[in-house]
Amino acid sequence: MTISPSDILLTDRVAVVTGGGTGIGRGVAAGLAAFGARVAIWERDADSCAESADAIGALGIVTDVRDSHQVRAALDQTAAELGTVTILVNNAGGVFFSKLLDTTENGWDALYKANLRHVLLCTQLVARELVGADLPGSVINLTSIEGVRAAPGYAAYAGAKAGVINYTKTAAFELAPNGIRVNAIAPDLTLTEGLMRLNPDGPGPAASRAIPQGRPGHVYEIASTAVFLASDMASYITGQTFHVDGGTHAAGGWYHVPDTDGFALGPG
């Protein structure tokens, strides 16, 4: 058996992208649609859900994926209008700064629900449908570089994202006999609408210097990884976390020293 350019195509497969109204989620939804998938966006913000769905040609369903009843309703609507979901991208998430000693129980629970709990809810419901129909599938979870390194001021967020990585491994193992693959994508600094609102000029040189390739990532670079993982090109890949981060994770804290050929452990 040889590979073919058609192996990357997602023609007529049904994909769900949670939090697909903006940022990485919207980019992933657009990428999946460009390669032939019929895409549903599950997004809790009604305006961005409608705008993104219209721009991409996707089905937009206003959904808060932290609520299992809303997830069930969204899945039923998606199946009724597009067909059985075989690609799930668990992208929805949220973050806010809170020092460890100042983090409240409510704050911790909010970040857990926003970044980890819904990954179980959505995966579980979609996987049950796939197992019942004896169909293979691909689940792609968005985690973060913060899930594998210290993240001062973001302990709850980082803990949840670390949970996504281990959950990905365990779900991949349990679902492998059913032909359902589960992988994760871990970006570092990525140019999104939210980031540009915080800093219209983009991240400064210090932030870019922390990335070996010397620049932040683009949404389409995350999207292309998701397309690959959803496709038959990745048919033997499961339980993996792909660090789409310009080399940050691999560098482990090493930096290029500006204007020299040297290196330093730490920004120096």
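Right above here is the structure, for reference.
Residues numbered from 1 in each chain as written. Predicted model: local features only at pLDDT ≥ 70, side-chain atom pairs only at ≥ 80, totals over all residues. Heavy atoms only, no water.

### Regarding the overall build of the protein chain
So the rule is basically this: For the purposes of this entry, the term helix denotes a DSSP run of H or I that reaches at least four residues, the term strand denotes a run of E that reaches at least two, and both are numbered from the N terminus. Atoms counted for the radius of gyration: C-alpha only. Globule rule: 2.2 Å times residue count to the power 0.38. With a 1.4 Å probe rolled over the protein chains alone, any residue whose accessible area is under 20% of its type maximum counts as buried; one over 50% counts as exposed, and the rest are partly exposed.
Scanning the protein chain from terminus to terminus reveals nine helices and eleven strands. On C-alpha atoms alone, the protein chain measures out to a radius of gyration of 19 Å, which is about the 18 Å that the 2.2 N^0.38 rule sets for 268 residues. C-alpha atoms of the protein chain, sized along the principal axes, occupy 55 × 50 × 35 Å. Across the 268 residues in the protein chain, those meeting the buried criterion constitute 45%.

### Here's the deal with the packing of aromatic side chains
We count it as follows: Two rings belonging to Phe, Tyr or Trp (six-membered ring only in the last case) form a pair when the distance between their centres is within 6.5 Å. Interplanar angles under 30 degrees mark stacking, angles over 60 mark edge-to-face geometry, and anything in between is tilted.
In this structure the tally under the stated criterion is one aromatic pair. Taking 5.4 Å as the distance between ring centres and 80° as the angle between the ring planes, the aromatic pair formed by Phe-97 and Tyr-154 counts as edge-to-face. One end of the pair, Phe-97, is in the loop between β4 (85-90) and α4 (105-133); the other, Tyr-154, is in the loop between β5 (137-142) and α5 (155-175), and 57 residues separate them in sequence.

### Examining the sheet that holds strand β1 (residues 14-18)
Operational definition: Note on pairing: two strands pair once DSSP finds at least 2 bridges between them. In this analysis an axis means a line fitted to C-alpha atoms, helices contributing only their contacting stretch, and an angle means the value between N-to-C directions, from 0 to 180 degrees. In this analysis, two residues are considered to be in contact whenever any of their non-hydrogen atoms come within 4.5 Å of each other.
If you trace the seven strands from one edge of the open sheet to the other, you get β3-β2-β1-β4-β5-β6-β9, paired in parallel fashion. Edge positions in the open sheet fall to β3 (59-62) and β9 (241-244), since each of these has one partner strand only. Recorded for the sheet is a direction-independent mean angle of 20° between the axes of neighbouring strands. Across the sheet, helix α8 (residues 219-230) is in contact with β4, β5, β6 (180-187) and β9; its angle to β6 comes to roughly 165°.

### A few points about the environment of Leu-229
One can find Leu-229 in helix α8. For Leu-229 and Phe-97, which are 132 residues apart along the polypeptide, the C-alpha to C-alpha distance reads 31 Å. If near-sequence neighbours (up to four positions away) are discounted, Leu-229 is found in contact with Ser-138, Ile-140, Arg-181, Asn-183, Ile-185, Ala-234, Ile-237 and Phe-242.

### Here's the deal with the pairing of β6
Consecutive side chains along a regular strand alternate between the two faces of the sheet. Our working definition: Here the term right-handed applies to a crossover when the path leading from its first strand over the helix to its second strand runs clockwise, the strands being oriented away from the viewer.
When you tally the buried positions in β6, you get eight out of eight residues, the bulk of the element. On β6, burial covers both faces: Ile-180, Val-182, Ala-184 and Ala-186 on one face and Arg-181, Asn-183, Ile-185 and Pro-187 on the other are all buried. Strand direction decides the pairing type here: β5 and β6, joined by six bridges, are parallel. Following the sheet pairing, Asn-141 is matched in β6 by Ala-184. A crossover links β5 with its parallel partner β6, the connecting element being α5, and its sense is right-handed.

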